[in-house]
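# Fold and geometry: a report
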Amino acid sequence: MLMTDTMIVRQAELRDLEAVYDICLKTGQAGRDATDLYSDPALIGHIYAGPYVALKGPISFVAEDDLGVFGYAVGVSDTRAFERELEREWWPALRERYPEPVQQETEQSADDQRIRTIHNPSPVPQAVIDEYPAHIHMNLLPRARGRGVGTRLLDAWIAAAKLKGVSAVHAGVSAANEAGLAFWTAREFHPVLTVSNSGSHGTIWCGRSL
């Protein structure tokens, strides 16, 4: 496996968009590579990665080494406000690009499932928002793991979030992603709600006070 000891954490920029989409895809199956699941490799990134880099306002950082960007931590200080912004600025163009599937949900491909999400995004449960109104997503390529990259990204994100007045943040973790859940709980994110019919395998919502 290729890796390098030279690594920086910096704010994400528009030039990072392609790399962030790629990381989202390669970690999109409960932390594993989801490339083989999708005919359109951009679909999962449209939902979970792209707007955090393309829109103004999100708190977004990337980790970069000599081989390129290989991890990111992205999120927002106000989840409900961001959901409204997505309705104004992000979803309309994607809904025109991707017509809603007509197949029954039991017959959906992975592409269809993501397209349905674009047309019918699920809001974060209010019980989570009430206590933890900000949110964060983090994904790392395999070469990042075991190098402290996740901790550095999280520290950078939290420092920036505090400057925006964030006092509590949540992360949604696939119930099938045991390594992801272990990462968050080791960093003081505590499970607060499990929704079994959220996502492909259910979602465990974890929150942390800052």
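Here the structure is a predicted model, which is why all the values come from computation and not from measurement.

The rules behind these values
- Residues numbered from 1 in each chain as written.
- Predicted model: local features only at pLDDT ≥ 70, side-chain atom pairs only at ≥ 80, totals over all residues.
- Heavy atoms only, no water.
- 1 Å grid on protein atoms, 1.4 Å probe; cavity = no way out; pocket = protein on both sides within 12 Å on 5 of 7 lines; lining within 4 Å.
- Points joined across faces, edges and corners; volume = space filled by probe spheres on them.
- Nonpolar A, V, L, I, M, F, W, Y, C, P; charged D, E, K, R; others polar.
- Core = buried A, V, L, I, M, F, W, Y, C linked by side-chain atoms within 4.5 Å.
- Buried < 20%, exposed > 50% of the residue type's maximum accessible area, 1.4 Å probe, protein only.
- Helix = DSSP H or I, 4+ residues; strand = E, 2+ residues; numbered from the N terminus.
- Contact = heavy atoms within 4.5 Å.
- Polar contact = N/O pair within 3.5 Å; in protein donor to acceptor, adjacent residues only side chain to side chain.
- Phe/Tyr/Trp six-rings, centres within 6.5 Å; stacked < 30°, edge-to-face > 60°.
- Expected span 1.5 Å × (residues − 1).
- Pairing = 2+ DSSP bridges.
- Axes fitted to C-alpha atoms, helices over the stretch in contact; angles between N-to-C directions.
- Disulfide = S-S within 2.5 Å.

### So, the layout of surface pockets
Here the second largest pocket defines a volume of roughly 240 Å³. If you trace the second largest pocket, you find 16 residues lining it, with Q11, A12, P58, I59 and S60 closest to the centre. Taken together, the residues of the lining of the second largest pocket sort by class into ten nonpolar, three polar and three charged.

### A few points about the nonpolar core
If you look at soluble globular proteins, the nonpolar side chains tend to sit buried side by side. Membership of the largest hydrophobic core comes to 58 residues, with the highest contact counts inside it found for I136, W157 and W184. The element contributing the most residues to this core is helix α8 (residues 149-163), with eight residues. Apart from residues no more than four positions distant in its own chain, W157 is found in contact with I59, F61, A73, V74, G75, V76, A134, H135, I136 and V169.

### A few points about unusual backbone geometry
Its identity as a non-glycine residue notwithstanding, A30 has a phi of 55°, on the positive side. With respect to the helices and strands, A30 occurs in the loop between α1 (17-26) and α2 (43-48). Residue E188 is not a glycine yet carries a positive backbone phi of 75°.

### Quick word on the side chain of R10
One can find R10 in strand β1 (residues 7-11). When its relative accessible area of 12% is taken as the criterion, R10 is described as buried. In this structure the side chain of R10 is engaged in a polar contact, spanning 2.7 Å, whose partner is the side chain of D16. Dropping the residues within four chain positions of it, R10 is found in contact with R15, D16, S60, F61, V62, E64 and V69.

### Focus: the packing of aromatic side chains
One pass over the structure, following the stated rule, counts three aromatic pairs. Here W184 and F189 contribute two aromatic rings whose centre-to-centre distance is 4.8 Å and whose plane-to-plane angle is 65°, an arrangement assigned as edge-to-face. Of the residues examined, F189 reaches a relative accessible area of 0% and is grouped as buried. One aromatic cluster is present, built from ring pairs that chain together F183, W184 and F189.

### Quick notes on α1
Those residues of α1 that fall on the buried side of the exposure criterion are V20, Y21, I23, C24 and L25. Residues of α1 that are buried make contact with α2, α3 (50-54), β2 (59-65), β3 (68-76) and β4 (134-140).

### Considering α8
Between the first and last C-alpha of α8 there are 22 Å, a value that for 15 residues agrees with the 21 Å anticipated at 1.5 Å per step. Taken together, the buried positions of α8 are V149, G150, L153, L154, A156, W157, I158, A160 and A161. G165 sits one or two residues past α8 and shows a positive phi near 85°.

### Some words on the sheet that holds β4
Read from one edge of the open sheet, seven strands run β1-β2-β3-β4-β5-β7-β6, paired in mixed fashion. Of all the strands in the sheet, the pair left with one neighbour each is β1 and β6 (190-195). Along the sheet, successive strands turn relative to each other by an average axial angle of 25°, direction set aside. Inspection of the sheet shows strand β5 (residues 168-174) paired to strand β7 (residues 203-209) by seven bridges, in the antiparallel sense. Each residue of the ladder has a partner; that of S174, found in β7, is T203. Strand contacts of α1: β2, β3 and β4, with the helix running at about 85° to β3, the strand carrying the most contacts.

### Thoughts on the environment of M7
As for its placement among the helices and strands, M7 is situated in strand β1. Those residues in contact with M7 that sit more than four places away from it in its chain are A63, E64, D65, F70, R147, V149 and R152.

### Looking at the state of the cysteines
Summed over all chains, the structure comprises zero disulfides. A disulfide-free cysteine, C24 has its sulfur positioned 18 Å from the sulfur of C206, the nearest such atom. Residue class for C24 comes out buried when judged on its relative accessible area of 2%.

### Considering the environment of C24
As for its placement among the helices and strands, C24 is situated in helix α1. A sequence separation of 180 residues divides C24 from I204, and the C-alpha atoms of the two residues are 19 Å apart. Discounting residues that sit within four places of it in the chain, C24 has contacts with I44, G45, Y48, A49 and Y72.

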